[in-house]
Amino acid sequence: MESRVTMLHGRFGGTSVVLAIDEDVSPRIVYWGPDLGAMTDQLLEALDLTGVEALGGNAPSTPVKLPIILENRTGWNGRQGLVGHRANGTAWSPHLITDRVEINCPHATSLSAQAMETGAGVWRIWTSDAFCAVSVLLELELLSTGLLRVKAHLTNAGDDAYELEELSVALPVPVEATEILDFTGRWGRERVPLRVPFEIGCRLHEQRRGRTGFDAPMMMFVGEAGFRFRSGRVYGVHAAFSGNQRVWAEKCPDGRQVIGGGELLMPGEITLGPGELYSTPWVYFAQADGLDEAASRVHGWLRARQRHPSTNRPVTLNVWEAVYFDHDVEHLLEIAQMAASIGVERFVLDDGWFHGRHDATAGLGDWYPDEDQWPEGLAPLSDRVHGLGMQFGLWFEPEMINPDSELARAHPDWIMAASDEWPVEWRHQQVLNLAIPEAFDHLHRQMSLLIRDYGIEYIKWDHNRDLLAAGDQHKGGRAGIHAQTLSTYRLMDLLCAEFPGLEIESCSSGGARIDLEMAQHTARFWPSDCIDPLERQSIMRWTEQLIPLEMLGSHVASPTSRTTGRSSSLSFRGGTALWGHFGIEWDISKASAQERYELAQWIDFYKENRILLFTGDLVRGDSADESLWVQGVVATDRSEGLFELTTRKRSGVSPRSRFRLPGLDPERVYCVRPVVVGADPGGLIDPPWFGATRDGVEMTGRMLALSGVHTPKLFTDQVLLISVHETRDQQSAEISPHETSTALNAESASTAGKLEERNR
Ligand code: DGJ
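Residues numbered from 1 in each chain as written. Predicted model: local features only at pLDDT ≥ 70, side-chain atom pairs only at ≥ 80, totals over all residues. Heavy atoms only, no water.

1. Things to note about the overall build of the protein
Stage number 1. Counting its secondary structure elements, the protein contains 15 helices and 42 strands.
Stage number 2. Its C-alpha atoms give the protein a radius of gyration of 27 Å, within 12% of the compact-globule value 27 Å for 760 residues.
Stage number 3. If one aligns the C-alpha atoms of the protein with their principal axes, the spans along those axes are about 85 × 70 × 45 Å.
Stage number 4. Split into buried and exposed, the 760 residues of the protein put 61% on the buried side.
Stage number 5. In the protein, the share of contacts with a sequence separation of at least 24, taken over all contacts with a separation of at least 6, comes to 71%. (Helix = DSSP H or I, 4+ residues; strand = E, 2+ residues; numbered from the N terminus. Rg over C-alpha atoms; globule rule 2.2 N^0.38 Å. Buried < 20%, exposed > 50% of the residue type's maximum accessible area, 1.4 Å probe, protein only. Contact = heavy atoms within 4.5 Å.)

If you want it as structure tokens, here you go:
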């Protein structure tokens, strides 16, 4: 529907967005925040009017307007939205004006000739600047969960080249937002939260790694003082791009403040010839009451996608930490056999299977089985895995190349480099330039053959280095990260289209490529190379701020962590791994029979609860005691929940106090009880509310959220699971989603039972 509106009000999922389309400036946000309720055109006008400052003093003589693509000429002195110019230095200060508006929303009501109210859907606004000879199509999409995303497409309408340095989008945030939550991190310790005051100036978080980054901002939030998981107004921004990107929060001395994001282009990376187009990534904006609500806006939207992974996420065993590069076929077959017997559903062969790959120094690029280690190819393993009823997964690092490989020797020009000198090696590897059509086709052919020949159902797609000085040798070394990133998405999509059902996991030295665009091309993320449960608790807590549990690989590793050297109980490892797409990364042939028995119990428990885990709302408790973390999932119908209580350090107080279980229906009565899988968590001494047979107590959701239950005595580094079920449900004939899951899993008798049966 085309329209000549000047104000648009989008309302959905608890979010309102009000957009003004003026004659003298490109579209600007008048309001973005909690739902304003139904509006009239007069009310919308008043909303706009009441945001205009009094003029006077040494200041611009007309009110300063902040379009979504910020322009300096309006009086805004902060970061600019469109930065570019022509070769002679002109056309650097854009003045975009709206030409046309298109509204593509199923529910749209005209409030007057000038104003319109819509539900979820897309607004497309075409703008142009005759002097600079550019046009920009702005797309704003209000998603079903109240998440807003914005994208811009710039076309060079001139006769000569236009050098683009930056095209980004920004939204105003209210002055009540006085704190910033950003993230940092490093290999094996990803997503470390950073709280800083939102002060005058700009907090700019840039990524120049050619991948999303260990220290990616994820969603950068600004919010009112002290915002937490369950409360406090927050405004988040996420630039969904797996190459270079930036987000920022900027506050100017005149009281205006914005958050924004976009791709970070390297010098000369985008030169648009006449008629050529550049599109920004989607930039996502979430406003919410607390971080949990912000997470639910993203999770709910991802989960509503047609191609979202099903809740039946298969229990996965990956052999990386079990064997590393030591590929002994008999040993791998033994692990596969044991895996199947304890209930594993997917077996993944990691790095080390291809030509010349005996350690990390050689082989990347030569994607065919190593003749020494795999003389009969991978079939002996893939056939056995399939024969045992498991899916077969294989590790690749498609965009990488070792200088010591047949491929590098044959095509040194396919390596990304900004000059005739190669960038520094990183893990002994360089980057294969997928923007070169021959390189792309070669890789695609090799991968397709393997997927077909071995019936591969799952690819662990690794990416173990930053892109440094990543140029295209076929273009004189011109920066190529933008093209490389888009080529990667294209290759992933091509393979998934050719092999329906193929699942790709995005791994990048662990968790360095997790973002909402990668989430459109893959089904799973590997959050970190560190599987130590203590570290993982924190990594997962913040990764799930953006990505729902079913898309986050979460494994039980060996008793002593290969990354930290810290040892932990199976109870802690299992209780931590449960909160994600469950798997194992441990040589179970070396585990004791008791350990395998307990592991089988964790697998059973995961299978019984995966529907709840992967459909429920994420709930993280706000605790005054940082040594105690509470997190859970609550079914969307609020009939049940599963929580974990984690002791992460020794507390300054003992016996501690109560902890709260939020997110349930305040009016309903629930049975709350501890759940022990395998052995008791270390040092567990029951508080009275557990009851003599650990059948718990009955309390209302309100009591659980406001008063809570007392902490048991527990050693440090332990997880205690707590289940919550609405009491009336137990008598009801209605089948809840959890009961359905139990019914589905019931046909597979207890895994421990199966184990015994098969071993007989
Ligand atoms: C890094 C990954 O994160 C690990 O899980 C493993 O696949 C190695 N790469 C293999 O080189």
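Anyway, onward from the coordinates.
2. Considerations on the site of the ligand
Stage number 1. Close to the ligand lie 13 residues, the nearest being Asp-350, Asp-351, Lys-460, Asp-462 and Asp-529.
Stage number 2. Contact distances for the ligand include 2.7 Å between an oxygen atom and a side-chain N or O atom of Lys-460.
Stage number 3. Asp-529 is positioned such that a nitrogen or oxygen atom in its side chain is 2.2 Å from an oxygen atom of the ligand.
Stage number 4. Starting from 290 Å² of accessible surface for the ligand in isolation, the protein chains cover 99%.
Stage number 5. Broken down by class, the residue content of the shell around the ligand amounts to four nonpolar, three polar and six charged. (Near = heavy atom within 4 Å. Polar contact = N/O pair within 3.5 Å; in protein donor to acceptor, adjacent residues only side chain to side chain. Areas by Shrake-Rupley, 256 points an atom, 1.4 Å probe, with all protein chains shown as cover. Nonpolar A, V, L, I, M, F, W, Y, C, P; charged D, E, K, R; others polar.)

3. A short note on the confidence of the model for the protein
Note that predicted coordinates carrying low pLDDT should not be read in detail.
Stage number 1. Put simply, the protein has an average pLDDT of 94, and 95% of its residues get 70 or more.
Stage number 2. When pLDDT is averaged over each helix and strand of the protein, the minimum, 36, is found for helix H15 (residues 751-759) and the maximum, 99, for strand S24 (residues 346-349).
Stage number 3. Segment residues 730-760 is flagged for pLDDT under 50; beyond a separation of four residues in sequence, or across chains, it makes 37 contacts in the model. (pLDDT = per-residue confidence, 0-100.)

4. A word on the pattern of salt bridges
Stage number 1. On inspection of all chains with the given rule, the structure shows 50 salt bridges.
Stage number 2. A salt bridge links Arg-409 to Asp-404, with the shortest nitrogen-to-oxygen separation between them at 3.1 Å.
Stage number 3. Between Asp-532 and Arg-566 there is a salt bridge whose closest N-O contact spans 2.7 Å. Here Arg-566 lies in the loop between strand S33 (553-557) and helix H10 (570-577) and Asp-532 lies in the loop between strand S32 (524-525) and helix H9 (533-543), a separation of 34 residues in the sequence.
Stage number 4. If you follow the salt bridges from partner to partner, you end up with Asp-22, Asp-24, Arg-28, Asp-48 and Lys-65 in one network. (Salt bridge = Lys/Arg side-chain N within 4 Å of Asp/Glu carboxyl O.)

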